[in-house]
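Examining the three-dimensional arrangement
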Amino acid sequence: MGAISPTPLTVISGDVLQNMGITNVGELLNKLPQSTVGISPETSNNTIFASGLNETDLRGLGSSRTLVLVNGRRFIGGSAGDNAVDLNNIPSTMIERIEIITGGASAVYGSDAVAGVVNIITRKKTDGLEVDLSYTQPEQSGGTEKQFSLAYGTDKLLDGRASVMLSAVYAKEDQIRQTDRDFTRNPVGAIYNAANTSSTDGIPNRISYTGRKPLSWINEAGTFETANGNQYTWGKDGSFRPFNFGDGVIPGPGTNANYCTGDCEGYDPVNYGIIKTPLERQVYNLNGEFSLNDSTQLFSELSYSSYKAYGESSPVFHQSVPLYADNAYLSDEARQIIAGEEDGVVGVNRMDTEFGNREYHQKRDTWRALIGIKGYIGDWDYSLFYQEGHLEQKTHWSGQVFDDRYYQAFDAVRDGNGNIVCRDQSNGCVPMNLLGQGQASQEAIDWVMTDANRKAKSEQKNAGFVVSGDLFELPAGALSTAISGEWRREQARTTPDQNMVEGKIFGNTSLPSYGAYEVTELAAEFDVPLLSDMFLIKSLDLSAAYRYMDYTSVGTNDAWKLGLNWAVTDDLKLRATKSKSVRAPTVSELYDPKGQTYESITDVCDQNHINAAEASQYRATNCHLAGLPDGFNPTDEWYRGTRPGYNAGNPDLKEETSDDYTLGVVYTPSYVEGLTLTADFWSFDIKNAINSILVNTAVKYCYDSASLDNPYCSRFTRDSVTGDIVDYVQAPINVATYKTKGVDLESDYSLSTDGYGDFRVNLIARRLAFQPYRFCFGHRCGRGRIHQPPLESTLHHQLDLRQVDPERCGQVSPPCRC
């Protein structure tokens, strides 16, 4: 099928999934060179509302730019407000084949198909019962996978006029902790290079570091530092002692001193890391067809899935919690030391294991119902359908605390009778001993501890039609066309509990939200035979497609595609396409309310970064103009841990546009029966791309621009006294550009033998081109090269966000291409 397609097309049969022992569609797609891993059980642990999702990502351009269809029609998104499909909802037992189409797909299939389309064709008919059981046990501990499935069908109902096929799948994947794998127990990371002293010495600013790096300023028992630089902690039994730094802190600038080595008793994140979230799912499908007559058929598709997953992270943690010298749980030695500090108080940093790890339990229920009619009138085929999809998502947090109660219970004193009580005894406060490990009473833990919940719902309504046939005959063949129309409504709603709305629990402030949009689309496709049976032209066909889209959210736009298919001989065919694709913002990107998040921030105005090799010529000046003094360094407290901020949507987003093209060759040598070779060069250039501006991107480009008058500086706030970054908002905006190109290679060989069976060998490979690029940022140009990975690598490159100033691009040397 890929050999005759005008655009690059890869087809994977359902038999291949079974032969490979693959139980999840996402697992197969992640093995293909055209696709990279999107959100998956291996990447979603630290994304609270995405635990367990399984999405694919064609060309590495983002899951939101990959359109996943089921039988050529849309499927509801896997997360409320997002259009990316969760492949957990599609059972491998029902798959007949998977078609992967790249290049020019938006004009044919609609928005979200910028990178391409994954069209999953399900089985409609079978006769009998199929049962499958699989069990996978990794060599090292954790990650066991189990699946049981059955499929039943018959095509003999109502004298053969009706057929039905149903399937049921139960699958379970176990958790993998970071300590379960030898290659993650001692991870490879990066630290600042102590040998680097300037941007011109040729010495890298960062170097690799292998091994564990416990934090040197916090642990599970509590630590504090005195004004003279001494640091103290408590043993598990509550005994007070100096902090053990082991072999000492890592030498060097920046954040190196935040980590210690050897037998250091700091907090070690490896002990709490999760590299695969557990997932348990049930998926049910029912497909049916009924023939009204020889030319008309009713069809329906019903599906329901329910699955549970959870992410897990470290316990709640607190920084600089006030500990006064009169705290009732202090030993005499500790009391004396704290009393000598200013105002008789120190700040305690602590991982609060008393409340257990934070677990983010997800339960998702998804159902989809479709009914349609198809048939033919004369020489014309037609199809009409209506479908609805619904997603209900419940998120439950355990291991949470009321922050105000935590501070209230921590501040314990003795009353006039010598009893230990809370200094503030309101609300029935129960004093809590957090000096050491396991010292707090269960009563105190119960008073401080709480759970949190959020419900989310998403709904998709979709109707459409397709009419196709031949318009008239041309000398080289019939001019064929397909006319289609589609209406779709997407809406999503989130409802957090009141404690989240009021920001009372640790690190999870969230507001309720609602958003919706509708879109109406009309499209036409034409296949025009131009020439045939001439010298060096076995056939020459022109394919064209145009789609008009009208969104209630972003207005009108269009997409188009032009393609040529040139069969030079029976053995050799050339193909080319040029197209414009678009993607409209999702409900989530448009309307998400502010929700709290935590990020590790690199402050480029830190003196260690002012003269770094990657710094622009404007960085030092802009940092000074922002009111930061020469030699500025953030405070030690700021450098420790992650900083709170917010994620939010942006109702002012516009659609993004991609210019893409493909050039391909197909070779089917007549002297080797069953062999097909294809090679396709492809290129994508996406402008006004929607990307969330992460705080580190905002901080870097705020000060690396030609001036502070840019869209990034407003994304964060500094403390007016210390200069520390104290607040930020991460929101999507239309400022990104993606440029990527490469070559897809595929070979397929089928061999039938007498007595030995049939054999098939298939090779799919991708090579990213060695692509130079130039980009504009403010008034500054840069240039570099995209990494060239090996032939079968699925690595991809994504250009950083940057502000483009077309008016100034031509005034710099070398000139930018904007």
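The following refers to the structure shown. (Residues numbered from 1 in each chain as written. Predicted model: local features only at pLDDT ≥ 70, side-chain atom pairs only at ≥ 80, totals over all residues. Heavy atoms only, no water.)

Topic: the overall build of the chain
Across its full length, the chain holds 14 helices and 41 strands. In terms of overall dimensions, the chain is globule-like: its C-alpha atoms have a radius of gyration of 30 Å, near the 28 Å expected for 818 residues. Dimensions of the chain, computed from the C-alpha atoms along their principal axes, are close to 100 × 70 × 55 Å. Taking all 818 residues of the chain together, the buried fraction comes to 52%. Counting only contacts in the chain whose residues sit at least 6 apart along the sequence, the fraction spanning at least 24 positions is 70%. By element, 52% of the accessible surface of the chain is carried by carbon and sulfur atoms, the whole surface being about 35600 Å². Of note, the chain has its 72 positive side-chain charges centred 2 Å away from the centre of its 104 negative side-chain charges. (Helix = DSSP H or I, 4+ residues; strand = E, 2+ residues; numbered from the N terminus. Rg over C-alpha atoms; globule rule 2.2 N^0.38 Å. Buried < 20%, exposed > 50% of the residue type's maximum accessible area, 1.4 Å probe, protein only. Contact = heavy atoms within 4.5 Å. Areas by Shrake-Rupley, 256 points an atom, 1.4 Å probe, with all protein chains shown as cover. Lys, Arg positive; Asp, Glu negative; His and termini not counted. Charge placed at Lys NZ, Arg CZ, Asp CG, Glu CD.)

Observations regarding the pattern of salt bridges
Overall, the coordinates contain 38 salt bridges when judged by the stated rule. Note that Glu99 is salt-bridged to Arg97, the shortest N-O span being 2.8 Å. Classification of Glu99 as buried rests on a relative accessible area of 10%. For Arg97, a relative accessible area of 22% gives the class partly exposed. As a salt-bridge pair, Arg368 and Glu301 come within 3.1 Å of each other at their nearest N and O atoms. Of the two residues, Arg368 sits in strand E22 (residues 358–377) while Glu301 sits in strand E19 (residues 296–313), which places them 67 residues apart along the sequence. Take Arg368 and Glu301: they sit in the same class, and that class is buried. (Salt bridge = Lys/Arg side-chain N within 4 Å of Asp/Glu carboxyl O.)

Digging into a nonpolar patch on the surface
Residues Leu129, Val131, Leu133, Phe148, Tyr152, Leu166, Tyr170, Leu286 and Leu302 make up a contiguous nonpolar surface patch of about 850 Å² in total accessible area. Looking at the nonpolar patch, the elements that each hand over two or more residues are strand E8 (128–136), strand E9 (145–157) and strand E10 (162–173). The biggest single contributor to the nonpolar patch is E8, with three residues. Note on Phe148: relative accessible area 37%, which makes it partly exposed. (Patch = residues over 30% accessible without salt bridge, like charges linked within 9 Å, V, L, I, M, F, W, Y side chains within 5 Å.)

Topic: the pairing of strand E7 (residues 116–122)
Of all the seven residues making up E7, seven are buried; the element is thus mostly covered by neighbouring parts of the structure. Relative to E7, strand E4 (residues 66–70) runs parallel, the two sharing five bridges. Paired with Val70 across the strands is Ile120, a residue of E7. Of the pairings in the sheet, the one linking strand E6 (residues 95–101) to E7 comprises six bridges and is antiparallel in character. Note that in E7 the partner of Ile98 across the bridge is Ile120. (Pairing = 2+ DSSP bridges.)

Concerning helix H6 (residues 403–410)
Three or four residues apart is the spacing at which side chains of an α-helix point the same way, because the helix has 3.6 residues per turn. When we look at burial in H6, the residues that qualify are Tyr406, Gln408, Ala409 and Phe410. For H6, the secondary structure elements touched by its buried residues are strand E20 (317–324), strand E21 (345–351), strand E24 (412–414), strand E25 (420–422) and helix H7 (442–448).

Quick look at the sheet that holds strand E32 (residues 595–599)
Taken in spatial order, the four strands of this open sheet run E32-E33-E37-E36, and their pairing is mixed. Each having just a single partner strand, E32 and strand E36 (716–718) make up the two edges of the open sheet. Averaged over neighbouring strand pairs, the angle between their axes works out to 25° when direction is ignored. Pairing of E32 with strand E33 (residues 643–647), which is carried by five bridges, proceeds in the antiparallel orientation. Paired with Glu599 across the bridge in E33 is Arg643. In the packing of helix H13 (residues 695–704) onto the sheet, contacts are made with E32, E36 and strand E37 (725–730), and the angle to E36 comes to roughly 70°. (Axes fitted to C-alpha atoms, helices over the stretch in contact; angles between N-to-C directions.)

Side note on the state of the cysteines
Here, disulfide denotes a covalent bond that connects the sulfur atoms of two cysteines. Under the criterion given, the structure shown has four disulfides. Two residues, Cys605 and Cys623, share a disulfide whose sulfurs are 1.9 Å apart. The sign of the -85° torsion about the S-S bond sets the Cys605-Cys623 disulfide as left-handed. Placement of the pair is Cys605 in the loop between E32 and helix H10 (607–610) and Cys623 in helix H11 (residues 619–625), with a sequence separation of 18 residues. Like Cys605, the residue Cys623 is buried in the burial classification. Each sulfur of the disulfide joining Cys702 and Cys713 lies 2.0 Å from the other. One quick way to see it: the torsion about the S-S bond of Cys702 and Cys713 is about 95°, and its sign makes the bridge right-handed. Pair noted here: Cys702 is in helix H13 and Cys713 is in the loop between H13 and E36, with a separation of 11 residues, a long-range link. (Disulfide = S-S within 2.5 Å.)

Brief notes about the packing of aromatic side chains
Counted by the stated rule, this structure contains 21 aromatic pairs. Ring plane angle 65° and centroid distance 4.7 Å describe the contact between Phe243 and Phe245, whose orientation is recorded as edge-to-face. Judged by its relative accessible area of 28%, Phe245 is partly exposed. Centre to centre, the rings of Tyr284 and Tyr304 are 6.5 Å apart; their planes meet at 15°, and the pair counts as stacked. Of this pair, Tyr284 sits in strand E18 (residues 279–293) while Tyr304 sits in strand E19; the two residues are 20 residues apart in sequence, bridging distant segments of the chain. Judged by its relative accessible area of 36%, Tyr284 falls in the partly exposed class. Judged by relative accessible area, Tyr304 falls into the partly exposed class, the value being 35%. (Phe/Tyr/Trp six-rings, centres within 6.5 Å; stacked < 30°, edge-to-face > 60°.)

Description of the environment of Leu157
For Leu157, the location among the structural elements is in strand E9. In the structure, Leu157 is positioned 354 residues away from Leu511 in sequence and 52 Å away in space, judged by C-alpha atoms. Look past the residues within four positions of Leu157 in its chain and what remains in contact with it is Ala162 and Val164.

A look at a negative patch on the surface
A surface patch of negative charge is lined by Asp379, Asp381, Asp470 and Glu473. Mapped onto the elements of the fold, Asp470 is located in strand E26 (residues 449–474).

Describing unusual backbone geometry
Of note, the phi angle at Asp159 is positive, near 60°, even though the residue is not glycine. The phi torsion at Asn427 lies on the positive side, around 60°, for a residue other than glycine. Among the structural elements, Asn427 can be located in the loop between E25 and H7.

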